[in-house]
Amino acid sequence: MATTSPSARKRKKPRAGTPPQQAKRPDTKATAPTWHIDPEALSALQAEFMQRFQAQLNQQMSGAAPELGNDRRFAAEAWQKQPLFGWQVAWYRFHSEFLQRSAALVQSDERTQDRLRFAVQQWVDAVSPANFLATNPDAQQRMIETQGESLRQGIQNLLNDLQQGRISQTPADAFEVGRNVCTTPGTVIYQNELVQLIQYQPGTPSVGERPLLIIPPAINKYYILDLQPSNSFIGHAVAEGHTVFVVSWRNIQDPGCTLGWDDYLQKGIVDPIHVVQAISGQPTINLLGFCIGGTLLCTALAALAAKGEKPAASLTLLTTLLDSTHPGVLGIFIDEMQLALREGTIGQRGIMPGKDLALTFNFLRPNELVWNYVVGNYLKGETPPPFDLLYWNSDSTNLAGPMFCTYLRHLYLQNELVQPGVFQSLGEAIDLRRIDVPTYVLCAREDHIVPWQGGYESAQALGGKPRFVLAASGHIAGVVNPPAKQKRSYATGPDIAGLTPEQWQAQGEEHAGSWWPDWYQWLESYQGKAVPAPTAPGSAQYPPIEPAPGRYVKERI
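Given the structure is predicted, the values throughout are model-derived calculations rather than measurements. All residue numbers here refer to positions counted from 1 along the written sequence of the relevant chain. Local features in this predicted model are restricted to residues of pLDDT 70 or higher, and side-chain atom pairs are both shown and tallied only at a pLDDT of 80 or more, whereas totals for entire chains, interfaces and linings draw on every residue. No hydrogens and no water enter the side-chain calculation; it runs on all heavy atoms of the structure.

Some words on the domain arrangement of the protein chain
Right, so step 1: Domain boundaries in the protein chain define domain 1 (38–132) and domain 2 (186–327 + 423–554).
Right, so step 2: For the purposes of this description, domain bounds are those given by an automatic or database domain assignment. A separation of 43 Å is found between the C-alpha centroids of domain 1 and domain 2.

Have a look at this one:
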């Protein structure tokens, strides 16, 4: 049964003796920003511009070689061999630098400054000479070598992408869910209108008596954690002796969808928890939430704790934002005006298109996820190589509009989740301090979606003493890093209580390789005693429905 949106219910007062934490985010009312530029700083920058402009012009006129730097957009030999194109790059870099420094002179509120920097960076990346056939000698050389075939194929690639509504980052037919990605053996043993619950086939003769339930992000499909056997987080967890269950979120297709935040909590978190408890016979289980899956999971656990129910033996959070004081670059997209527009269109019913979300995420890293493919696919007529992660990245997921709007307003814009007693879910006032179970918190150093400092502050909002670990790389590569590849690194450090993110980082210790073994070792204490592995999935109450990966994950936009 659908539950009432938190925004539609009367606010409850905080518990006696527990003053609400004050909101740390700036005022979110739609007021015009004020800004100014220091005239002296601007004059100094203009003087430097003219001085360096003349010096660079003199250098070019003298016949000297241009400085191209180590930007891989201009690494091809064609840029180096032809001075005209090399100087084109040098002038592009020169003007880009001063444009960005000019934007940095603007003094305003933090949100306005972030937006200005983002807009300027987008412009700088878009006008790169590498992005246009007339100014890209590498693409021109390929056109000559192929006698125009690369140009013909590039136009065909562009027409194909226009038809499918997105830039191809990997061949669409290179992968198929259930065939060569998302192949860990398992069975769907429960489903409702929003999720399927998958139980995976044991990988060892005995397992820990407490199972592991994984809540992936509802904003993407779960098989980011089950790409191929060599890099499947789920497959590795099974091989380590865990009985693993995973929630597979449905790709919402109904344009009249009315599912709200509480529906996602009840149908996507609470109900699967109760099913796993019933199948395993364990009153407490190990829980893992990834990204917004962790946000949903923590909200549900706090609501259950308020009802006197504590189902978690341990909690793992991967790149999860609970405290949106520092939301990173995504914060520039969310303000009162933008949110009011969304609420007016999909706040009561409808869907948030997955393609819109995917496009936004791609433009957070435009050179790697947009312009790189514009150059390769269209200017050079190339076909991008098969890459399982990018195939997953293109497999977008729609969200229920009411749920999405509640998340943006109450958790992102107004930062209510870390204000004890302010946010309401499942009929309870949420207080994250009630989650006082052993917790493992992983963030990624170069995460552009959940800045690691925001994840660190989020961990401090929980009860207990979380173990904080900082992985190298970004939001996905920092998480999906199997030990066998011996890539990247991770840092561990002291108790986070009373330390700022920078203080913790200064005291941290770096370790080579994957964080997975560190997590396995930590989780071992909460597996319970070893018991024979289940001989069949599900139970009499929850019989098998269909083989993994199930129908829901295969539904495409």
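Still more ground to cover, so stick around.
Let's talk about the UniProt feature "domain: Poly-beta-hydroxybutyrate polymerase N-terminal" (unreviewed entry) in the protein chain
Right, so step 1: UniProt positions are given in the numbering used here, feature names are shortened, and annotations may be inferred rather than shown by experiment. This chain's UniProt record puts "domain: Poly-beta-hydroxybutyrate polymerase N-terminal" (unreviewed entry) on residues 70–236.
Right, so step 2: Secondary structure content for residues 70–236 is 44% helix and 13% strand, while the C-alpha to C-alpha distance between its ends is 37 Å. Numbering goes from the N terminus for both helices and strands, where a helix is a DSSP run of H or I of at least four residues and a strand is a run of E of at least two.

Comments concerning the sheet that holds strand β17 (residues 509–512)
Right, so step 1: Spatially, the eleven strands line up as an open sheet ordered β17-β16-β15-β14-β9-β8-β6-β7-β4-β3-β19, and their pairing is mixed. A strand with exactly one partner marks an edge of an open sheet, and here the two such strands are β17 and β19 (546–547).
Right, so step 2: Criterion used throughout: strands pair if DSSP finds at least two bridges between them. Note that strand β8 (residues 285–290) and strand β9 (residues 312–318) share six bridges and pair parallel. Bridge pairing in β9 places Phe 290 opposite Leu 318.

With respect to the nonpolar core
Right, so step 1: Definition used in this section: a nonpolar core is a set of buried Ala, Val, Leu, Ile, Met, Phe, Trp, Tyr and Cys residues joined via side-chain atoms within 4.5 Å. Any residue under 20% of the maximum accessible area for its type is buried, any over 50% is exposed, and the rest in between are partly exposed; the area is computed with a 1.4 Å probe on protein chains only. Membership of the largest hydrophobic core comes to 84 residues, with the highest contact counts inside it found for Leu 213, Trp 249, Tyr 264 and Leu 432.
Right, so step 2: Whether two residues touch is decided by their heavy atoms; if any such pair falls within 4.5 Å, the residues are in contact. If we ignore the near neighbours within four places in the chain, the residues touching Tyr 264 are Leu 194, Ala 218, Trp 249, Ile 252, Leu 259, Ile 269, Leu 296, Leu 399, Ala 400 and Met 403.
Right, so step 3: Val 177, Tyr 222, Leu 225 and Leu 227 belong to the second largest nonpolar core, which has 42 residues in total.

Some details on the packing of aromatic side chains
Right, so step 1: Aromatic contacts are taken between Phe, Tyr and Trp rings whose centres are within 6.5 Å, Trp giving its six-membered ring; a plane angle under 30 degrees counts as stacked, one over 60 as edge-to-face, and the others as tilted. Enumeration according to the criterion identifies 30 aromatic pairs in this entry.
Right, so step 2: Consider the rings of Trp 91 and Phe 94, whose centres lie 5.6 Å apart with planes at 85°: the pair is edge-to-face. Taken together, the residues Trp 91 and Phe 94, both in helix α3 (residues 83–104) and three residues apart, mark about one turn of the helix.
Right, so step 3: With relative accessibility at 3%, the residue Phe 94 sits in the buried group.
Right, so step 4: Seen in terms of ring centroids, Phe 94 and Phe 98 are 5.0 Å apart; in terms of plane orientation they differ by 50°. Their pairing is tilted.

Concerning the side chain of Ser 473
Right, so step 1: Of note, Ser 473 is situated in the loop between β15 (467–471) and β16 (489–492).
Right, so step 2: Ser 473 gets classed as buried once you look at its relative accessible area, which sits at 17%.
Right, so step 3: Residue contacts for Ser 473: discarding those within four places in its chain leaves Ala 444, Arg 445, Glu 446, Asp 447, Gly 478 and Arg 488.

What to know about helix α8 (residues 261–280)
Right, so step 1: To estimate how far a helix should reach, multiply one less than its number of residues by 1.5 Å. Spanning 20 residues, α8 covers 28 Å between terminal C-alpha atoms, matching the ideal 28 Å at 1.5 Å per step.
Right, so step 2: Note on bend: at a given residue it equals the angle between the axes fitted to the 7 residues ending there and to the 7 starting there. Of all the bends in α8, the largest measures some 25° and sits at Val 270, one to four residues before the proline Pro 272.
Right, so step 3: For α8, a buried count of 15 out of 20 residues is recorded, marking the element as mostly surrounded by other parts of the structure.
Right, so step 4: Immediately beyond the C-terminal end of α8, within one or two residues, lies Gly 281, with a positive phi of roughly 75°.

So, the pattern of salt bridges
Right, so step 1: By convention in these notes, a salt bridge is any Lys or Arg side-chain nitrogen within 4 Å of a carboxyl oxygen on Asp or Glu. This model, assessed by the stated rule, comprises 22 salt bridges.
Right, so step 2: Here Glu 176 makes a salt bridge to Arg 179, at a shortest N to O gap of 3.1 Å.
Right, so step 3: Among the residues examined, Glu 176 registers a relative accessible area of 42% and is labelled partly exposed.
Right, so step 4: Between Arg 551 and Glu 546 there is a salt bridge whose closest N-O contact spans 3.1 Å.

Considerations on the confidence of the model for the protein chain
Right, so step 1: Of the residues in the protein chain, 94% have a pLDDT of 70 or more, and the chain-wide mean is 92.
Right, so step 2: pLDDT expresses, on a scale from 0 to 100, how confident the predictor is about each individual residue. Counting contacts from residues 1–28, a segment whose pLDDT is below 50, to residues more than four positions away or on other chains yields 57 contacts.

Let's talk about the state of the cysteines
Right, so step 1: Pairs of cysteine sulfur atoms within 2.5 Å are what we label disulfides. Summed over all chains, the structure comprises zero disulfides.
Right, so step 2: With no disulfide of its own, Cys 291 lies closest to Cys 443 among cysteine sulfurs, the gap being 11 Å.

Brief notes about unusual backbone geometry
Negative phi is the rule for most residues except glycine; trans is the rule for most peptide bonds.
Right, so step 1: Across the junction of Ala 548 and Pro 549, the peptide omega takes the value 10°, indicating a cis bond.
Right, so step 2: The backbone of Ser 473 sits at a positive phi, close to 80°, despite the residue not being glycine.
Right, so step 3: Look at Arg 488: it is not a glycine, yet its phi comes out positive at around 65°.
Right, so step 4: For Arg 488, a relative accessible area of 32% puts it in the partly exposed group.

Thoughts on the packing of α3 against helix α4 (residues 110–126)
Right, so step 1: Interaxial angles span 0 to 180 degrees and are taken between N-to-C directions of axes, which are lines fitted to C-alpha atoms, for helices over the stretch in contact. With their axes 9 Å apart at the nearest point, α3 and α4 run at an angle of 170° to one another. In this view, α3 runs roughly antiparallel relative to α4, as classed from their interaxial angle. Residues Tyr 92, Ser 96, Leu 99, Gln 100 and Ala 103 of α3 form the contact with α4, whose own contacting residues are Leu 116, Val 120, Gln 121, Trp 123, Val 124 and Asp 125.
Right, so step 2: Side-chain classes follow a simple rule in which Ala, Val, Leu, Ile, Met, Phe, Trp, Tyr, Cys and Pro form the nonpolar group, Asp, Glu, Lys and Arg form the charged group, and the remainder, Gly included, forms the polar group. Counted by class, the contact of α3 with α4 contains seven nonpolar, three polar and one charged residues. When describing relative orientation, an angle under 35 degrees is termed roughly parallel and one over 145 degrees roughly antiparallel, while 65 to 115 degrees is termed roughly perpendicular and anything else oblique.

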